[in-house]
Amino acid sequence: MIKKLAASIMLGLEREFSWTFPPLVILLSMIPATAGVLTAVMVYWVGSSAAGRADPEWVAFLIVGASLYTHFASYIWAPLSAVSEGKASYTFPLVFISHSSLSYIAGRMIASFIESSFTAVLALGAATLSVKALLGITPGLGFTPLGITLFSMGMVVGLLAALGLGLMLAAYAIFVTRLEWGLPVYISGILMIFSEAIFPSSALPAPLPIIAESLPFTHIIRAARAALMGPLSLYLIELVYAALLGAAWLLAGLAVYTYSERIGRRRGYIDYRVV
Amino acid sequence: MANVVTENLTRVFETKSKRILALDGVSFEVQRGEVFGLLGPNGAGKTTLIRILTTLLLPTYGRALVGGFDVVKEAKKVRSIIGFSSSSERVGFDFVTARRNLWFFSQLYGTPISEANRRIEELAAMLDFQDQLDRKLYTLTTGYRQRLNIARAFINGPQVVFFDEPTNGMDVFSAKKIRELFVKEAKTNSRTIFLATHNMFEAEEVCDRVAIIDRGRILAIDSPENLKSSLSKPVVLLETDIAGASIGDPTQLEGVVGGTIKVDDENEAAKIRVILRDEDFLEKILGLLEKRRVRVFNYQRIEPTLEDVFISLVGAGFAERERGIEA
Amino acid sequence: MLGRASQRGRGALRRSFVIWVKVAVSRALIRIVAMYGDPLWIVVNVGGPMLTSLALAFLYRLAGLSSLTGFAILGGGMVSYWGNVIWSMASQLNWDKRSGMIYLYIASPAPLTALLIGMSLGGILGTLPSSIAVLIIGTLLFRPPFAPPTMAVALIFMLTLVALYGMGIALSSLYLILGRESEEVNEVLYESISFLSGIYFPSIGRFSPLPLAVQAVASLIPLTLGMDALRRTLFYAEGLTELWPNLSALAAMAVASIFIGLRTLSYIERRGRETGDILVAMK
């Protein structure tokens, strides 16, 4: 199991990084991520300036949330690459036959998670600097050793939820035969609205905040904000929520994936190619 | 009347570190209504030649005419009278029906719509996929997609049709249908069918003439029968135990002009196919094999194939050539 | 003698024109058939722009001015076209190269210009339902104060699309020289240009929060001028008299980008035939 997982992580990392000069890969992923964060900041700044209540604290809130959102929005593509593309290249059926699909998907998710973590952290830094340069304000982000350590710990805890969501998407990828990119696009959009990436969930009309509260991603973002913006007292609570909900998502992901694989095999979807 | 003419056609690819002579002074003519095969191992220059003749690539030296038009100076005129299909390209648009795909390709040539519709029906009937015409491409099986790919090459009623490995990976039934279409189109509609292949059986079955190409040079051109009968030297097949594989390059054996060894690991056996300078050398080879403790189960003189012609010309078979074994 | 020669010349010209039109129309039709023939296409195309514009409309509302939610809704409607230009137009020839289809185009008498114009036309018509869906859903949910649509809006909208798809033509020729990295370049261009051109917020003009130097750079992108003009007509009821500089610049950019794109394309095609470089995807 460990060997299979390690091999899949290595394969995933190679696929993410080795097609060109690795720092170029990071740069090419950091630019769109930063641009995405800055778009959200500018929308807020234009709106709040027109209303006469622009607040740098809000900018900090947006930078952290939107940067982490780019992390989620990036790694959710990994299961499709592993399963849908894998069907086209016949890799996935072979992995399935060798009884390694679970480790394979987990490994590919972890590799993508690592890559997008780098990207998100760099986008966070680049967006902070850009905001200073473009708007002339200093967002109140505490890049102290403690803040960075807590932020990083939060990201690591986020792996549980990432694996859970990844396995659910892999289950979907077993059955989807065309336009497979449709669902991840919707999930990205839903996460933008519900994970507190760019506004507090309390702004949503009732009963929608309940959805936000049940997402581990919301708590990962809240923990990250607590680490970099305070109050630190919130950090541990949010981290525990993120871990518990993440573990629940992982268990759900495992159950959904295992079941889907069984049904997929029965109905002949394991090697049914995606258009 | 010649539909394809090449004169001293040469193509050199230059990279920073090396210079590759992909075509080396190729000259030949192909007539109207002829099925012409270009037979050679991978890397022999078949695709480069087709790329030049279909105006995708410029020659370094020499001249090529297709339908009487120069492929360099009159590329547009050449393009309007040719059809082209390669097993390596995509068949069409996945979310569109087979009929609509064929119609689209007919419009690239400005074919009138009624004419295009007639050809679509006709080609579908000839290749036996009428019932698939209104299905979206992504729902078609590989065999039907391949047939569609071939039909596409004929959709504009071309004077010359180029195919690059057309039946590569195709099922037997589809391949048979396609070969029948090639012969029918050449003989009934006087089209020139230009076929690059490394499939010996295909070249023998459908081609009026075959050019054998290796390392960018045409080594021989004639009908498959003439090419085979020109091989006056005896071809012998020796069936041995697995130790037969250890003899290495057969041309190192005395009296052997060329040969191939096929190893059957599962049955622990080997098949040594050799072209001998003279029948007398057979005894010497048997003696040598015995000395090397190779058990020979059976040996017999066999009818030569086009690959034997190739072997007699270059000393090695397609597989050895592709692996870079020198004669 | 001369008369016959000129008749032949006219005949050839007419044939070329007929092929050009047939190629453009059939390419447009293929795209439209592919998109409209499968309702799922429309559903998946609506998702990204709709959810993003809704999220940003919420942000505008929270920031303090509900009246600005229209910026986000309009952005959602227009970003569908920008997405179509980058994913289905600019990178289409690159994709065609990788799948081998480009060789069929080059080996046929079909002019690549006609294929690209047809692709643009098909793209515009095919994207229309997603764009309209985003505008309708967003308007129903947030009720932003749009000024009543005028002829000026229609003109600006069309000119923006021409300039935008002209940019797609220019990019598509450049994408021919890219390989595996084209997808990453797509992402970089999509997000960066979405930001700079101010699809969701005014990146140029008096409401722009960006420094003048950045605004100057952003003004070089046709989408920036188009979005600025659209916002000014739809939300500030400005007319053609105020917007003529935008319109003139947009028209010039459209002509320039189509011209540059087609010249680059023919250069790349010629160079490809000489070196064999653009044919690398072939065996």
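Thresholds applied
- Residues numbered from 1 in each chain as written.
- Chains lettered and ligands numbered in written order.
- Predicted model: local features only at pLDDT ≥ 70, side-chain atom pairs only at ≥ 80, totals over all residues.
- Heavy atoms only, no water.
- Helix = DSSP H or I, 4+ residues; strand = E, 2+ residues; numbered from the N terminus.
- Buried < 20%, exposed > 50% of the residue type's maximum accessible area, 1.4 Å probe, protein only.
- Contact = heavy atoms within 4.5 Å.
- Areas by Shrake-Rupley, 256 points an atom, 1.4 Å probe, with all protein chains shown as cover.
- 1 Å grid on protein atoms, 1.4 Å probe; cavity = no way out; pocket = protein on both sides within 12 Å on 5 of 7 lines; lining within 4 Å.
- Points joined across faces, edges and corners; volume = space filled by probe spheres on them.
- Nonpolar A, V, L, I, M, F, W, Y, C, P; charged D, E, K, R; others polar.
- Patch = residues over 30% accessible without salt bridge, like charges linked within 9 Å, V, L, I, M, F, W, Y side chains within 5 Å.
- Salt bridge = Lys/Arg side-chain N within 4 Å of Asp/Glu carboxyl O.
- Lys, Arg positive; Asp, Glu negative; His and termini not counted.
- Charge placed at Lys NZ, Arg CZ, Asp CG, Glu CD.
- Axes fitted to C-alpha atoms, helices over the stretch in contact; angles between N-to-C directions.
- Parallel < 35°, antiparallel > 145°, perpendicular 65-115°, else oblique.
- Left-handed = near helix turned anticlockwise from the far one by under 90°.

A. Up close: the overall build of chain B. A tally of helices and strands in chain B yields eleven helices and 14 strands. Its C-alpha atoms give chain B principal-axis dimensions of roughly 70 × 45 × 40 Å. Burial statistics for chain B: of 327 residues in total, 57% are counted as buried. Look at the contacts in chain B between residues 6 or more apart in sequence, and 68% of them connect residues 24 or more apart. With an accessible surface of roughly 14100 Å², chain B has 47% of that area assigned to carbon and sulfur atoms.

B. Up close: empty space enclosed by the protein. Considering all chains together, one arrives at one cavity of 30 Å³ or more under this definition. By volume, the largest cavity amounts to about 90 Å³. Surrounding the largest cavity, Phe84(B), Phe105(B), Leu108(B), Tyr109(B), Arg152(B), Ala153(B), Leu104(C), Ala107(C) and Ser108(C) form its lining. Here the residues of the lining of the largest cavity sort into seven nonpolar, one polar and one charged.

C. Region of interest: a negative patch on the surface. Residues and elements named next belong to chain B. A surface patch of negative charge is lined by Asp264, Asp265, Glu266 and Glu268. By secondary structure assignment, the location of Asp264 is in strand β12 (residues 256-264). You can call Asp264 partly exposed: its relative accessible area is 31%.

D. Layout of the packing of helix α4 (residues 78-88) of chain A against helix α6 (residues 101-135) of chain A. All names here are of chain A. Contact geometry of α4 with α6 gives a least axis separation of 8 Å together with a crossing angle of 140°. Classified by the interaxial angle, the pair formed by α4 and α6 is oblique. Every pair of crossing elements has a handedness; the one defined by α4 and α6 is right-handed. Here α4 contributes Ala78, Pro79, Ser81, Ala82 and Val83 to the contact with α6, which in turn contributes Tyr104, Ile105, Arg108, Met109 and Ser112. For the contact of α4 with α6, a count of residues per class yields seven nonpolar, two polar and one charged.

By themselves, these are just geometric observations and shouldn't be taken as functional.
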